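A closer look at the structure
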Amino acid sequence: MNSEKKALEFDEIASNVFAPIYSVIASQIKEKTNINEGICLDLGCGGGHLGIEMEKISGMVTYLLDISPYALKIADNRIKNSSLDNRIKTILGDAHNIPFEDETVDLVISRGSIWFWEDQVKVFKEIYRILTKGGCAYIGGGYGNAELKKEVFKKMEEREENWEDTRKSFVKDNSPEKFNKIAKEANIPSYEIIDDERGLWIFINKCNRREK
């Protein structure tokens, strides 16, 4: 499958199966981080679903970063359709070398991208580098709550006979223990592993200023 077709396929699934989860996750991020202004970066944004939902409930300037130009083309179209093009911008870039200066981003969010990072420790070092003092990051994967997870699983099983096996192979070896190891190796001094019905996430609070 070529890169453009892959980006279109991912976005079709995100739009037609996963769509309800993004607003829920955005609300959870806002509640957890208590950040409502400044700069937000959606890292590995794909078609931009989470970043756009975050922008709808905040007063932030949001950047959507992805390594795929095809994903960003989709995101650009979604931004225009949401009438938020004056507050959201896309950036072509690699999570392993985030194109932001030190301590310039107030909130870094990412859902599902961590599975694609070749060097997860390096990416977390980059995330911590760009966070402002008092800034937060919310990185990982999940479905918002148990009900939404059940709905997504049902739809995906109807679409793909072996979807559960594919999902398990895709996220294998990911666990709270592994996330904890990554954070420690990246020298993140203040973080929390979330492992509940919201999913598996790392919440980083730089300088511990906004911890809840």
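Presented here is a report on the structure given in the accompanying data block. Everything numeric here is computed off the predicted structure, so don't read it as measured data. In this convention, every chain numbers its residues from 1, walking through the sequence in written order. Predicted model: local features are reported for residues with pLDDT of at least 70 only, side-chain atom pairs are reported and counted for 80 or more only, and whole-chain, interface and lining totals are derived from all residues. Note that the side-chain values use all heavy atoms of the structure and ignore hydrogens as well as water.

Here we come to the side chain of Lys 206. Position of Lys 206 relative to the elements: it lies in the segment after strand S7 (199-205). Classification of Lys 206 by relative accessible area gives buried; the value is 7%. From its side chain, Lys 206 meets the backbone oxygen of Leu 131 in a polar contact 2.8 Å long. Excluding its chain neighbours within four sequence positions, the residues that come into contact with Lys 206 are Glu 103, Tyr 128, Arg 129, Leu 131, Thr 132, Lys 133, Gly 134 and Gly 135. Secondary structure is summarised from DSSP: a helix means a run of H or I of at least four residues, a strand means a run of E of at least two, and numbering begins at the N terminus for each. Using a 1.4 Å probe on the protein chains alone, a residue whose accessible area is under 20% of its type maximum counts as buried, one over 50% counts as exposed, and one in between counts as partly exposed. In protein, a polar contact requires one atom able to donate a hydrogen and another able to accept it; more generally it is a pair of N or O atoms within 3.5 Å, and residues adjacent in sequence count only if both atoms are side-chain atoms. Between two residues, a contact is recorded if the distance between any of their heavy atoms is within 4.5 Å.

Bringing the environment of Phe 124 into the picture now. Turning to its location among the elements, Phe 124 is positioned in helix H5 (residues 120-130). Separated by 61 residues in the primary sequence, Phe 124 and Glu 185 place their C-alpha atoms 9.2 Å from one another. When sequence neighbours within four positions are dropped, the list of residues in contact with Phe 124 reads Ile 114, Trp 117, Ile 139, Ile 182, Ala 186, Ile 188, Ile 202 and Ile 204.

Here we take up the nonpolar core. What we call a nonpolar core is a set of buried Ala, Val, Leu, Ile, Met, Phe, Trp, Tyr and Cys residues that are connected through their side-chain atoms within 4.5 Å. Ranked by internal contacts, the top residues of the largest apolar core, which has 28 residues, are Leu 43, Val 108, Trp 117, Phe 124 and Ile 127. Of all the elements in the fold, those that place two or more residues in this core are strand S1 (39-43), strand S4 (105-111), H5, strand S5 (131-141), helix H8 (176-185) and S7. Among the elements that line this core, the one with the most residues is H5, at six residues. Apart from residues no more than four positions distant in its own chain, Ile 127 is found in contact with Leu 43, Ile 98, Val 108, Trp 117, Ala 137 and Ile 139. Core analysis: the next-biggest nonpolar cluster, separate from the first, contains 27 residues, Val 17, Tyr 22, Met 54 and Tyr 138 among them.

Backbone-to-backbone hydrogen bonds pair the strands of a sheet. The strands run either parallel or antiparallel. On the basis of which strands lie adjacent, the open sheet formed by seven strands has the order S3-S2-S1-S4-S5-S7-S6 and mixed pairing. What marks the edges here is a single partner per strand, and that holds for strand S3 (88-92) and strand S6 (191-196). The average angle at which neighbouring strand axes cross in this sheet is 15°, direction not considered. We treat two strands as partners when DSSP finds at least two bridges between them. In this sheet, S7 lies alongside S6 in antiparallel orientation, the contact comprising six bridges. When the bridges of S7 are listed, Tyr 191 appears paired with Ile 204. Relative to S5, H5 is tilted by about 145°, and along the sheet it contacts S1, S4, S5 and S7. Angular values range over 0 to 180 degrees, each being the angle between N-to-C directions of two axes fitted as lines to C-alpha atoms, with helices fitted over their stretch in contact.

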